[in-house]
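Structural overview for review
Okay, here's what each chain looks like letter by letter:
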Amino acid sequence: MAYPQSKFRFTPEEYLTFERAAETKHEYIDGFIYAMAGGSPPHNRICFNVIASIGPHLRETECFGFTSDQKIRTDPQDLFSYPDITIVCGEPVFHDHHKDVVLNPKVIIEVLSPSTETHDRVEKFARYRTIKTLTDYLLIAQDRASIEHFSNQKGKSEWLYSAAIGLPSAVKLTSINCALKLAAVYDRIVFPPPKPVLVPVPDKEVKEALAAQKPKRAKKR
């Protein structure tokens, strides 16, 4: 996500007027409008795998899903965003007569990218928590088999954190009666090689280097 080119703040309605005429997607946060970058092939494949995994569980229920072309809005109106996957249960509630901004998501899923991870993890989640209907927020890693799950089943301010690590594990979404298996989410995904493990420098080596840099005192005559 790119930083805004201007320090001027826009109203939500100005953003929507601009966005509805734009050829590319933008998100709105705290009055600023941000251009959205396209997802990488692994990112898009993971999204497809998630939809293929959850979709069958939603059939013949009151819940249904949206792809990343669906805008949602927080309350207050400080964030308009396009989550990778949104699930709504019951009749969708819209921002206005255009019916292109959903207000009542139950589950929001974001597939993390290096350029957006901090934004998804911190800025977005702080605002998503204001959505009264939201019960689950999932952050899915691209570079390893890992899904972080924030759940709020009782409508309180506290959110329970859990993490599913490794292909044999799964995330249980009780709100939509679904177990999301990591093996299915990462089907045919090739992970990049692991980064080198940090190795601490031995204390002796550091002390010797520091001692060598100390100025030598002049001998007294």
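First things first, this report covers the structure right here in the doc. Keep in mind that this is a model prediction, so the values were computed, not measured.

Observations concerning the pattern of salt bridges
Opposite charge on two side chains makes pairing possible when the charged atoms of those side chains draw close. If you walk through the whole model with that rule in mind, you get 14 salt bridges. Where arginine 127 meets aspartate 30, a salt bridge forms, and the shortest distance between an N and an O atom there is 2.5 Å. Separated by 97 residues along the polypeptide, arginine 127 in helix H3 (residues 117–128) and aspartate 30 in the loop between strand E1 (26–29) and strand E2 (32–35) bring together distant segments of the chain. What makes arginine 127 buried here is its relative accessible area of 11%. A salt bridge links lysine 124 to glutamate 110; its shortest N-O distance comes to 3.2 Å. Highlighted residues: lysine 124 in helix H3 and glutamate 110 in strand E8 (residues 107–111), separated in sequence by 14 residues.

Here's the deal with unusual backbone geometry
Peptide bonds are mostly trans, and most non-glycine residues show a negative phi. Of the consecutive residues aspartate 75 and proline 76, the connecting peptide bond is found in the cis state with omega at 15 degrees. Looking at the secondary structure, you find proline 76 in the loop between strand E4 (71–73) and strand E5 (79–81). Look at lysine 99: it is not a glycine, yet its phi comes out positive at around 55 degrees. Tracing the chain through its elements places lysine 99 in the loop between strand E6 (85–89) and strand E7 (101–102). One non-glycine residue, arginine 188, lies in positive phi territory at about 65 degrees.

Description of the sheet that holds strand E3 (residues 63–66)
One open sheet holds the six strands; their spatial order is E3-E6-E8-E9-E10-E11, and the pairing between them is mixed. The open sheet has two edge strands, E3 and strand E11 (160–165), and neither has a second partner. Strand after strand, the sheet turns through a mean of 15 degrees between neighbouring axes, direction not considered. Packing of H3 onto the sheet brings it into contact with E8, strand E9 (136–140) and strand E10 (146–151), and relative to E9 it is tilted by some 170 degrees.

Here we look at the sheet that holds E2
Spatially, the five strands line up as an open sheet ordered E2-E1-E5-E4-E7, and their pairing is mixed. Here the strands that pair on one side only, and so sit at the sheet edges, are E2 and E7. Strand direction decides the pairing type here: E4 and E7, joined by two bridges, are parallel. Directly across from isoleucine 72, in E7, lies its bridge partner valine 102. Together, E1, E2, E4, E5 and E7 form the strand contacts of helix H1 (residues 12–21), whose direction differs from that of E1 by roughly 175 degrees.

Analysis parameters
Sequence order sets the numbering: in each chain, residues are counted from 1 along the sequence as written. Local features in this predicted model are restricted to residues whose pLDDT is 70 or higher, and side-chain atom pairs enter the listing and the counts only when it is 80 or higher, whereas totals over whole chains, interfaces and linings include all residues. Side-chain metrics in this entry use all non-hydrogen atoms of the structure; hydrogen atoms and water are not considered. Definition used for salt bridges: Asp or Glu carboxyl oxygen within 4 Å of a side-chain nitrogen of Lys or Arg. Numbering of helices and strands starts at the N terminus; helices are DSSP runs of H or I of at least 4 residues and strands are runs of E of at least 2. Partly exposed residues are those whose accessible area sits between 20% and 50% of the maximum for their type, while under 20% is buried and over 50% is exposed, using a 1.4 Å probe and protein chains only. Pairing between strands is defined by DSSP: at least two bridges between the two strands are required. Axes, fitted as lines to C-alpha atoms, cover a helix only where it is in contact. Angles between the N-to-C directions of the axes lie from 0 to 180 degrees. We call two residues contacting when some pair of their heavy atoms lies within 4.5 Å.

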